[in-house]
Amino acid sequence: MTEYVFLDTETTGLDDSAQVVEIAIVDDTGAVLFESLVKPTVPVDPEAAAIHGIGPDSLATAPAWPEIAAQVREALEGKTVVIFNADFDTRILQQTATAHADGLGPDGYDQAVRWILDLDTQCAMYRAAEIYGATNQYGTISLINAAARARVDFRGRAHSAAGDAATTAALWRVMNAFEHEN
């Protein structure tokens, strides 16, 4: 039987240098398996901080990616990782790992980053857009809109990694039930 885990990140921004500032992994019931703030190597964009509320003061004593990467890897490898906007979060994880892989050489880089690329991921956002309809110009749907359409109560605080991951888990369960009925 496939074991699903649900991942969400909050980030320094959206660009090609953006990194993780908060990560959470929950099981299919929404129970937190791993959660941490993460100190990035780049500043947090003020627009991103305004959305998730994580700024330099919150991150001052947070662990850096290398300090938590093994725990994240252990929680994800060998499982199907469901992410709302999997392409984005996977890219952010890769960018974060890459930012810390300088000086490791080719073998070290592969060990630090390759596992992220090899994860078995599924995108809850595209699946929700197929079931509930797209609500934006990109042909997708936001987590807030998908949860509302599925009548899923938001878990925790919106734009917190644990809240978004737990909401994605609840949404996934509802989408599975919907597809089995139809």
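Up top you'll find the structure we're talking about.
Owing to the predicted nature of the structure, the values given are computational and were not obtained by experimental measurement.

Reading the values: rules and limits
- Residues numbered from 1 in each chain as written.
- Predicted model: local features only at pLDDT ≥ 70, side-chain atom pairs only at ≥ 80, totals over all residues.
- Heavy atoms only, no water.
- Pairing = 2+ DSSP bridges.
- Helix = DSSP H or I, 4+ residues; strand = E, 2+ residues; numbered from the N terminus.
- Axes fitted to C-alpha atoms, helices over the stretch in contact; angles between N-to-C directions.
- Contact = heavy atoms within 4.5 Å.
- Salt bridge = Lys/Arg side-chain N within 4 Å of Asp/Glu carboxyl O.
- Buried < 20%, exposed > 50% of the residue type's maximum accessible area, 1.4 Å probe, protein only.
- Phe/Tyr/Trp six-rings, centres within 6.5 Å; stacked < 30°, edge-to-face > 60°.
- Lys NZ or Arg CZ within 6 Å of the ring centre and 35° of its normal.
- Parallel < 35°, antiparallel > 145°, perpendicular 65-115°, else oblique.
- Left-handed = near helix turned anticlockwise from the far one by under 90°.
- Nonpolar A, V, L, I, M, F, W, Y, C, P; charged D, E, K, R; others polar.

One open sheet accounts for five strands, arranged S3-S2-S1-S4-S5; its pairing is mixed. With one partner strand each, in any of the chains shown, strand S3 (32-37) and strand S5 (120-123) form the two edges of the open sheet. With direction set aside, neighbouring strand axes in the sheet form an average angle of 25°. Sheet topology note: the strand S1 (residues 4-11)/strand S2 (residues 20-26) ladder contains six bridges and is antiparallel. Pairing of Thr-11 across the sheet is with Val-20, part of S2. Sheet strands touched by helix H4 (residues 86-99): S1, S2, strand S4 (80-83) and S5. Its angle to S1, the strand with the most contacts, is close to 65°. Its contacts with the sheet put helix H6 (residues 124-132) on S4 and S5, and the angle it makes with S5 is roughly 35°.

We now examine the pattern of salt bridges. Tallying each qualifying case throughout the model produces two salt bridges. In this structure, Arg-91 engages Asp-16 in a salt bridge whose closest nitrogen and oxygen atoms are separated by 3.8 Å. Of this pair, Arg-91 sits in helix H4 while Asp-16 sits in the loop between S1 and S2; the two residues are 75 residues apart in sequence, bridging distant segments of the chain. Take Arg-91: its relative accessible area is 26%, and that puts it in the partly exposed class. Residue classification places Asp-16 among the exposed positions, given a relative accessible area of 68%.

For the rest of this paragraph, the subject is unusual backbone geometry. The phi dihedral of Arg-151 falls on the positive side, at around 60°, and the residue is not glycine. Counting through the fold element by element, Arg-151 comes out in the loop between helix H7 (143-150) and helix H8 (161-181). By relative accessible area, which is 78% here, Arg-151 ends up exposed.

Here the focus is the packing of aromatic side chains. Counted under the stated rule, the structure contains two aromatic pairs. The interplanar angle of 50° and the centroid separation of 6.0 Å between the aromatic rings of Tyr-4 and Trp-172 together place this pair among those described as tilted. Taken together, the positions of Tyr-4 in strand S1 and Trp-172 in helix H8 put the pair 168 residues apart, joining distant regions of the chain. Of the residues examined, Tyr-4 reaches a relative accessible area of 27% and is grouped as partly exposed. Classification of Trp-172 as buried rests on a relative accessible area of 4%. Ring pairing ties together the aromatic residues Tyr-4, Phe-6 and Trp-172, which thus form one cluster. Sitting over the ring of Trp-172, Arg-127 keeps its end group 4.2 Å from the ring centre.

Moving on: H6. Of all nine residues in H6, seven are buried; the element is thus mostly enclosed. All of the buried residues in H6 are Ala-124, Met-125, Arg-127, Ala-128, Ala-129, Ile-131 and Tyr-132. Residue Gly-133 follows H6 closely and has a positive phi angle near 95°.

On to the packing of H6 against H8, then. Between H6 and H8, whose axes approach to 11 Å, the crossing angle comes to 45°. By the criterion of interaxial angle, the relationship of H6 to H8 is oblique. For the element pair H6 and H8, the recorded crossing hand is left-handed. On H8, the residues that touch Ala-124, Arg-127, Ala-128, Ile-131 and Tyr-132 of H6 are Thr-168, Leu-171, Trp-172, Val-174, Met-175, Asn-176, Phe-178 and Glu-179. Of the residues contributing to the contact of H6 with H8, the split by class is nine nonpolar, two polar and two charged.

In this section: the packing of H7 against H8. Relative orientation and spacing of two packed helices are given, respectively, by the angle between their axes and the distance between those axes. Running from N to C, H7 and H8 point in directions that differ by 40°, and their axes come no closer than 10 Å. The orientation of H7 with respect to H8, classified from their angle, is oblique. Like other packed secondary-structure pairs, H7 and H8 cross with a definite hand, here left-handed. For the pair formed by H7 and H8, the contact residues are Leu-143, Ala-146, Ala-147 and Ala-150 on the first element and Asp-164, Thr-167, Thr-168, Leu-171 and Val-174 on the second.

Such coordinate-based values are descriptive only and should not be taken to indicate function.
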